[in-house]
Amino acid sequence: MRKHNLLFALAALVLATLVGPRASAQSLNVDIVGGVKTATPIAVVPFAQDGGAPLPTDIAEVMRNDFNRSGKFRALAKSEIVEFPSKGSDIHFATWKLLKQDYITVGHISDAGSGLVRVDYELWDVNKQQSLLSQSMTAPVGDLRGVAHQIADQIYEKITGVRGAFWTRIAYITAVGLGNHTTYSLIVADSDGYNPQVVARSRESLLSPTWSPDGKKIAYVSFESGNSNIYVQDITTGARQLVEAHRKGINGAPAWSPDGTKLAVSLSYVGNPEIFVLDLATHKETRLTNNLAIDTEPKWSPDGQSIYFTSDRSGRPQIYKMPATGGAPERVTFQGQYNAEANISYDGKQIAMVQGNGNVYRIAVMDNSLGGQVRFLSPGPIDESPSFAPNASMLLYAATEGPRGVLYATSADGMVRQRLVLADGDVREPAWGPFRQR
């Protein structure tokens, strides 16, 4: 596996050019694969517009795509919408019952002046003919995709009781070019892959992006100095801090503590990769593991009390857990020849991982609330870097398809997958960001 060759045998590399966080990036091509017949049917009627020039974003279309990729909903295709109400009093419920829709969303957009628009929307229960939501938002014309994601989040939460995660961001690494002419970029984009922005760009490898809990910073690994170094970068200002670089060898796999004050990392200056915790304010480091094996890929539990990590101390890579203050590790995974890259859901109940059997590596989720039951979310043969959405309703991962690296966002049941592909390069190392402040 490409990533684990790097993690378990990092080599030295050179030079970087940082760019401002607002620099545009090549967009990903997006398509949705699969569907769930049992998903809840919902109609999102095109929003009416009160005059003015055509808007750059079709809010209803963005919402339909959000619902479809969640796996929880099945949005009625625009071509099958036969009536176009813009407020609740215009809805003919008999029509939508014939179309077998459980819910319907209607809305209209009006000019609010100074480059702003007002978006009014309503959510109705078709069978009960009951209003569930009636709200309005004001936003710049250029931010209508964000408005659409926020409305979809509100509807998702109203129906499911779980906070929606469409209005979130993802980070990933792209590699464009061949050999010595490859350029690596750290990109931040909307959760559906739109609006990509370059955070950092380098002629040498970038690895392991991870979001701070407040969503304002990203820690990552860069090889620009000829060694693997850990940086923390503010994605708004572009300012960055060199966190761990004064020692040769592996300085990698950063993971933020839930309170944002520490990073768990893997450092090899002691002879082999071990897990350390770095206090970002005091720069004090605390060693947690002491073993002849390779210990890497730390991840904090949501309560900050434990750290999960990958170790080959049993002969093959498996996932272990230990107290965040240090102590005896306990093995967590036993199914599969190979388990690595743990990612923990917000409630601590699920652990996503790469599970390998033979030469096939797939994304698996172990559900502790179901007695450690394991389910597979990807087909393989070389899948890696799982990252839960902040509400655990979806999961990002990287896949190798022929010579190329692509991303997939999959629903929690694995039935719906959204494929994100770079037109002329690789995309890899995805990390799903936290909830944004409403």
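Use the structure listed above.
The structure displayed is predicted, hence computed values, not measured ones. Every chain's residues receive numbers from 1 upward, in the order its sequence appears when written. Residues qualify for local features only when their pLDDT is at least 70, as the model is predicted, and side-chain atom pairs are given and counted only at 80 or more; totals for whole chains, interfaces and linings, by contrast, use all residues. Calculated side-chain values reflect all of the structure's heavy atoms, with hydrogen atoms and water omitted.

A. Examining the overall build of the chain more closely. Segments assigned H or I by DSSP are reported as helices when at least four residues long, segments assigned E as strands when at least two residues long, and all are numbered from the N terminus. Regarding its fold elements, the chain presents 4 helices and 33 strands. Throughout, exposure labels follow a simple rule: accessible area from a 1.4 Å probe, protein chains only, divided by the maximum for the residue type, with under 20% read as buried, over 50% as exposed, and the rest as partly exposed. Burial analysis of the chain (438 residues in total) assigns 54% to the buried set. Long-range pairs, those at least 24 residues apart, make up 46% of the contacts in the chain with a sequence separation of at least 6. As displayed, the chain has an accessible area near 18,300 Å², and 50% of this comes from carbon and sulfur atoms. When charges are counted, Lys and Arg are positive and Asp and Glu negative, with His and the chain ends excluded. Positions of charges follow a simple convention, taking NZ of Lys, CZ of Arg, CG of Asp or CD of Glu. Across the chain, the centroid of the 42 positively charged side chains sits 2 Å from that of the 42 negatively charged ones. Contacts were defined at the residue level, with two residues in contact if any of their heavy atoms lie within 4.5 Å. Exposure was quantified through the Shrake-Rupley algorithm and a 1.4 Å probe, taking into account, for residues, occlusion by the shown protein chains and nothing else.

B. Geometry of the packing of aromatic side chains. Pairing of aromatic side chains here covers Phe, Tyr and the six-membered ring of Trp, requires ring centres within 6.5 Å, and sorts the geometry by plane angle: under 30 degrees stacked, over 60 edge-to-face, intermediate tilted. All chains considered together, the criterion is met by 10 aromatic pairs. Residues Y156 and F166 carry aromatic rings whose centres are separated by 5.7 Å and whose planes lie at 90 degrees to one another, so their mutual orientation is edge-to-face. Here Y156 is found in helix 4 (residues 144-160), whereas its partner F166 is found in the loop between helix 4 and strand 10 (169-176), with 10 residues between them in sequence. Neither residue differs from the other here; Y156 and F166 are each classed as buried. Through a chain of ring-to-ring contacts, the aromatic side chains of F67, F73, Y156 and F166 assemble into a single cluster. The side chain of R240 reaches across the aromatic face of Y231, ending 3.7 Å from its centre. For a lysine, the NZ atom is tested; for an arginine, the CZ atom; a charge sits over a ring if that atom is within 6 Å of the ring centre and within 35 degrees of the ring normal.

C. Highlighting the pattern of salt bridges. By salt bridge we mean one thing: a side-chain nitrogen of Lys or Arg within 4 Å of a carboxyl oxygen of Asp or Glu. Tallied over the full model, the rule gives 11 salt bridges. Between R64 and E61 there is a salt bridge; the shortest N-O distance is 2.8 Å. Of this pair, R64 and E61 both sit in helix 2 (residues 59-70), 3 residues apart, roughly one helical turn.

D. How the structure looks around the sheet that holds strand 24 (residues 330-331). Strand pairing requires that DSSP identify at least two bridges connecting the strands. Overall, antiparallel pairing links the 4 strands, which are arranged 21-22-23-24 in an open sheet. Only two strands of the sheet have a single partner each, and these edge strands are strand 21 (295-300) and strand 24. In this sheet, strand 23 (residues 318-323) lies alongside strand 22 (residues 306-311) in antiparallel orientation, the contact comprising 6 bridges. When the sheet's bridge partners are listed, Y308 is paired in strand 23 with K321.

E. Molecular detail of unusual backbone geometry. Put simply, G380 and P381 share a cis peptide bond, and its omega is 5 degrees. As for its placement among the helices and strands, P381 is situated in the loop between strand 28 (373-376) and strand 29 (383-388). Positive phi is not limited to glycine here, since A253 has a value of about 55 degrees. We classify A253 as buried; its relative accessible area is 8%.

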